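Remarks on the overall topology
In case you want the letters, here they are:
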Amino acid sequence: MADSGSEDIAVIGNTDLTPSESENNLKNTMVEKGTSLLKKMEISVAEAEKRTGKNAVNMQETYTVYLIETRPVDAASEGNNPVPDSLWRRYSEFELLRNYLLVTYPFVVVPPLPEKRAEFVWHKLSADNMDPDFVERRRVGLENFLLRVASHPALSSDKIFYLFLTEENGWKETVFETGFQAKADSRLKALHATFRVKNPDKRFAEMKHYGDELQAVISQLLRVRARAADRLYGVYKVHGNYGRVFSEWSAIEKEMGDGLQSAGHHMDAYAASVDDILEEEEHYADQLKEYLFYADALRTVCRKHELTQYELEMAVQDLTSKKQQREELATGTIRTFSLKGMTSKLFGQETPEQREAKLKMLETQIEEGEELVKERNSECDEFVKSAWVDIERFKEQKDHDLREALISYAIMQISMCKKGIQVWNNAKECFNKM
Amino acid sequence: MLLKDLILPNGTPVDTSSPASSSSLLNRLQLDDDLDGETRDLFVTVDDPKKHVSTMETYITYRVCTKTSRTEFDLPEYLVRRRYQDFDWLRNKLEESQPTHLIPPLPEKFVMKGVVDRFSEEFVETRRKALDKFLKRVADHPVLSFNEHFNAFLSAKDLNKRQGLALLTKMGESVKFVTGGYKPRARPAEFAAMGDYLDLFTPKLGTIDRIAQRIIKEQSEFLMELREYGPVYSSWSSFEEDLHDPLEGVSGCVSNCSSALEELTEDMSEDFLPVLREYVLYIESMKNVLKKRDQVQAEYETKLEAVVFREDKKTPVPTDVEKCQDRVECFNADLKADWDRWENNKRQDFRHLLTGMADKNIQYYEKCLAAWESLIPLLQDKQEAEGETS
């Protein structure tokens, strides 16, 4: 693919993130700075804004745009702080980019986008796409997507990707000019077709099965987690009622009053603490969701392998049948059923000249067929090789990322327990003073 | 020591002819002792519930242990078995024989069959605790603890529930009251304040009860979700290699937290709610005692007015009215003392109840904390191991 262009690119770190958060961002996406665009360029999705405009059918619509900022890595280390290059993109453009990548790199487990609509929501969270919390989480997800692409050994050097980050105008046209749309349509059709492969590569079949299982289990996990979050919210919030009643009660007491009143305040604090707790947990849910969608990308690659394998098998089958026809023609025996065979039986044999002509045609077809089989064979081998490399890379990334996610989840739970102990100890102190 | 031999600290003999003075005297002498555990001379415990099955019925008995140095008791120690009926009998007898005093409440008599299992461990234990509390409150009361029915309850091998009527002490004789019929009068400020407080306090208790119930409900539903949540990590681990142990670890953690939560909700159900409800009953008793006091006051004032009205007779105030006046003063004194004791106990009880609630929650979080903290090295260790093997 094309080279990455000049080095004088401004890169900006997200000014809203703390340095440790930025680092975590990078760590969690297991960025391979060594082999990727990220070696030269800092990328971030810094902001989100609402816009209104006319859409394709000339109707007013409100949509969100995201600010992508880029800056050369060297600039920061040299002590400069140049103004970053930036441009605005909306979600549909990210989708276009991803579709392009899917078609152009079918052997890659392409990083997923954050969800289009909020799913697995627990009741307090809004399922509205315009909700600021959703937009914020989407901003983070889009940045994560860009960082993953930029750190991928194959994807990061893609020209269209580079232009996505740097050329605001005319990018869409450039993408369509690549003609990927045609390939996309036929690919989509093929992927949804049902066919049976005679000799699937066992590894890919297992991977596909793994993808299915992963998708199912993460879906279930997210569903139950959302329900549990709802319940936890209820538990904490009802404690707020203690705050009110203790306050009222303290008004009719003499010695007990002070202790009750202050205990009530702690109950209020306890009730309020659940909002932060659940917001943090939402981050964990987002990490799981990313792998839910990754499972789909994995299955897509396996499906693509099946397709190439199938096409090879079809070509081989076709070649074999042509060879057989040649043999029959040459020896005069009819072993396979063919309409020509039938008609010649019914209406008499053909002339030697006709047979010669036919043989010649078959020979050409066989030659072409052999070329095709060779082609498809090497395609298949190539695909299997490069896909398996990426799948191994993906496996390592997945194991690392999910382990990190579990660790940070455990840390979250620890923090929640410690807060709980503190609040109740405070309340206990107040009760003791009653 | 018999009442008639009492001498006040300043040397003057006590006039024990009037029942009012003797009871208030006892209160004066013993109020301080009551609050000081070291001078307590009567200890009562309820434990060891046992199920009895007969052809007629099935019921539970509880062992009542008494240790005392009081001379009113023949022995220093007693062990008897009593059933709920017996406690109920005792309470009724106390109310009858000591109408000027606040009798502590018993746990509820009737439970809806089919809704509550009368023989489940939790129910029996909850009831045992309440019965224990009841007897301890009576034992701590300077007047009630000397009641002959209480004595019989603690010491008699077989509680003949017809006993006691034949024995009429001066105390017992003095308290035959007419129930009602007189026009109610204005309460003295002191007792009006008590009534007002109780009217304000009752709904607060109701609210706290509702909140506690709601929390238990929400926690139970959260628990249900957790019980589904944990196992999902387990099924995930079944098709992972490197992630197998971390995922299993998380599943185990969630399971531990679930158990801790279950303990919390059970404890709150068994310890917190029953005590709250007991106080509602206590308040009802107190309100009734206040009303009885009102009646006694009403009787006195009515009779007094009648006498004053007949001024022309120029007779000294008849002993009937005198007796009523005594009763009013006696009742007021008893009630005031009981109220002070009740306020004090209430403060201790609620302090104990609420710190108990805080403790249970702290224990819950500590258990969860321990579980998650032990998981971290497990999750991180593997990474080091990975580094070595790869």
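Residues numbered from 1 in each chain as written. Chains lettered and ligands numbered in written order. Predicted model: local features only at pLDDT ≥ 70, side-chain atom pairs only at ≥ 80, totals over all residues. Heavy atoms only, no water.

Labelled according to an unreviewed UniProt entry, chain B appears under the name Sorting nexin-30, originating from Carassius auratus. UniProt, in the comment section headed Sequence similarities (unreviewed entry), describes chain B in these words: "Belongs to the sorting nexin family." (UniProt positions renumbered as here; feature names shortened; annotations may be inferred.)

The name recorded for chain A in an unreviewed UniProt entry is Sorting nexin-4-like, from Carassius auratus. The annotation that UniProt attaches to chain A under Sequence similarities (unreviewed entry) is "Belongs to the sorting nexin family."

**A few points about the interface of chain A and chain B**
In this assembly, 57 residues from chain A lie in contact with 53 residues from chain B. Counting each side, the surface lost to burial between chain A and chain B is near 5,500 Å², with a carbon and sulfur contribution of 73%. Interface area lost by chain A to chain B is led by A:R231, A:Y242 and A:R403, which between them contribute 14%. Where chain A meets chain B, there are 17 residue pairs in polar contact (both at pLDDT 80 or more). Contributing elements (two or more residues each) for the side of chain A that touches chain B: helix 8 (202-250), helix 9 (257-331) and helix 11 (352-432) of chain A. Here the side of chain A that touches chain B gets 24 residues from one element, more than from any other, and that element is helix 8 of chain A. Tallied by class, residues from the side of chain A that touches chain B come to 34 nonpolar, 9 polar and 14 charged. (Contact = heavy atoms within 4.5 Å. Buried area = accessible area lost by both parts, 1.4 Å probe. Polar contact = N/O pair within 3.5 Å; in protein donor to acceptor, adjacent residues only side chain to side chain. Helix = DSSP H or I, 4+ residues; strand = E, 2+ residues; numbered from the N terminus. Nonpolar A, V, L, I, M, F, W, Y, C, P; charged D, E, K, R; others polar.)

**Some remarks on the domain arrangement of chain A**
All names here are of chain A. Annotation of chain A at the domain level lists domain 1 (2-188) and domain 2 (215-330 + 360-432). Summed over both sides, the interface between domain 1 and domain 2 buries roughly 2,600 Å², with carbon and sulfur atoms accounting for 62% of that surface. Taken as a group, V109, F120 and W122 account for 30% of the area that domain 1 buries against domain 2, more than any other trio of residues on that side. Our count for the domain 1 to domain 2 interface comes out at 5 salt bridges. Residues E290 and R148 are paired through a salt bridge, measuring 2.5 Å at the closest nitrogen-oxygen approach. One can count 9 residue pairs in polar contact (both at pLDDT 80 or more) joining domain 1 with domain 2. At the level of elements, helix 1 (19-28) and helix 4 (132-150) are the ones that each hand at least two residues to the side of domain 1 that touches domain 2. Sort the elements by how many residues they give to the side of domain 1 that touches domain 2 and helix 4 lands first, with 3 residues. (Domains from an automatic or database assignment. Salt bridge = Lys/Arg side-chain N within 4 Å of Asp/Glu carboxyl O.)

**Topic: the domain arrangement of chain B**
All names here are of chain B. For chain B, the domain assignment lists domain 1 (41-159) and domain 2 (187-380). On a C-alpha basis, the centroid separation for the pair domain 1 and domain 2 is 21 Å. In this complex, domain 1 contributes 20 residues to the contact, which on the side of domain 2 involves 19 residues. Summed over both sides, the interface of domain 1 with domain 2 buries roughly 1,700 Å², with 54% coming from carbon and sulfur. In terms of surface lost to domain 2, no three residues of domain 1 exceed T100, L102 and R137, which account for 36% of the buried area on that side. Between the two partners, domain 1 and domain 2, sit 4 salt bridges. When the shortest N-O distance is used, the salt bridge between R137 and D349 registers 2.7 Å. For the interface between domain 1 and domain 2, the tally reads 10 residue pairs in polar contact (both at pLDDT 80 or more). Residue assignment for the side of domain 1 that touches domain 2 shows that the elements contributing at least two residues are helix 2 (84-97) and helix 3 (121-140). Top contributing element to the side of domain 1 that touches domain 2 by residue count: helix 3, with 7 residues. The residue inventory of the side of domain 1 that touches domain 2, partitioned by class, reads 8 nonpolar, 4 polar and 8 charged.

**Some words on a negative patch on the surface**
All names here are of chain A. On the surface, D133, D276, E279 and E280 cluster together to form a negatively charged patch. If one sorts the elements of the negative patch by residue count, helix 9 sits on top with 3 residues. Residue classification places E279 among the exposed residues on the basis of a relative accessible area of 57%. (Patch = residues over 30% accessible without salt bridge, like charges linked within 9 Å, V, L, I, M, F, W, Y side chains within 5 Å. Areas by Shrake-Rupley, 256 points an atom, 1.4 Å probe, with all protein chains shown as cover. Lys, Arg positive; Asp, Glu negative; His and termini not counted. Charge placed at Lys NZ, Arg CZ, Asp CG, Glu CD. Buried < 20%, exposed > 50% of the residue type's maximum accessible area, 1.4 Å probe, protein only.)

**Observations concerning the packing of helix 4 of chain A against helix 5 (residues 159-166) of chain A**
All names here are of chain A. Between helix 4 and helix 5, the shortest axis-to-axis distance is 11 Å and the interhelical angle comes to 140 degrees. Comparing the axis directions of helix 4 and helix 5 gives the class oblique. For the pair helix 4 and helix 5, the crossing hand works out as left-handed. Every residue of helix 5 that contacts helix 4 at L146, V149 and A150 is listed here: F161, F164 and L165. In the contact of helix 4 with helix 5, the residues fall into 6 nonpolar, no polar and no charged. (Axes fitted to C-alpha atoms, helices over the stretch in contact; angles between N-to-C directions. Parallel < 35°, antiparallel > 145°, perpendicular 65-115°, else oblique. Left-handed = near helix turned anticlockwise from the far one by under 90°.)

**Quick notes on the pattern of salt bridges**
Residues and elements named next belong to chain A. A complete count under the given rule lists 67 salt bridges over all chains for this structure. With a shortest N-O distance of 3.4 Å, D201 and R203 are connected by a salt bridge. With a closest N to O distance of 3.7 Å, E206 and K202 form a salt bridge. With E206 and K202 both in helix 8, this residue pair falls 4 residues apart, about one helical turn.

**Quick word on the pairing of strand 1 (residues 41-54) of chain A**
Residues and elements named next belong to chain A. In this sheet, strand 2 (residues 60-72) lies alongside strand 1 in antiparallel orientation, the contact comprising 13 bridges. Within strand 2, the position partnered with S44 by the bridge is E69. The turn linking strand 1 back onto strand 2 is made up of 5 residues, and N58 within it adopts a positive phi angle of 60 degrees. (Pairing = 2+ DSSP bridges.)

**Things to note about the packing of helix 3 (residues 91-104) of chain A against helix 5 of chain A**
Residues and elements named next belong to chain A. Helix 5 packs onto helix 3 with a crossing angle of 165 degrees between their chain directions and a minimal axis gap of 10 Å. With respect to each other, helix 3 and helix 5 are oriented roughly antiparallel. In the crossing of helix 3 with helix 5, the sense of the turn from one axis to the other is left-handed. Contacts between helix 3 and helix 5 pair E93, F94, L97 and Y100 from the former with I160, F161 and F164 from the latter. Of the residues in the contact of helix 3 with helix 5, the class split is 6 nonpolar, no polar and 1 charged.

**Quick notes on the side chain of B:E225**
Residue placement: B:E225 occurs in helix 6 (residues 189-237). Its relative accessible area of 10% is what places B:E225 among the buried residues. A polar side-chain atom of B:E225 sits 2.9 Å from a polar atom in the side chain of A:R227. With residues up to four places along the chain from it excluded, the contact list for B:E225 reads A:V224, A:R227, A:A228 and A:R231.

**Considering the sheet that holds strand 2 of chain A**
Residues and elements named next belong to chain A. The 3 strands are arranged 1-2-3 in an open sheet whose pairing can be described as antiparallel. Pairing within the sheet leaves two strands with one partner each, and these edge strands are strand 1 and strand 3 (85-90). When strand polarity is set aside, the average angle formed by the axes of neighbouring strands in this sheet is 25 degrees. Relative to strand 3, strand 2 runs antiparallel, the two sharing 6 bridges.

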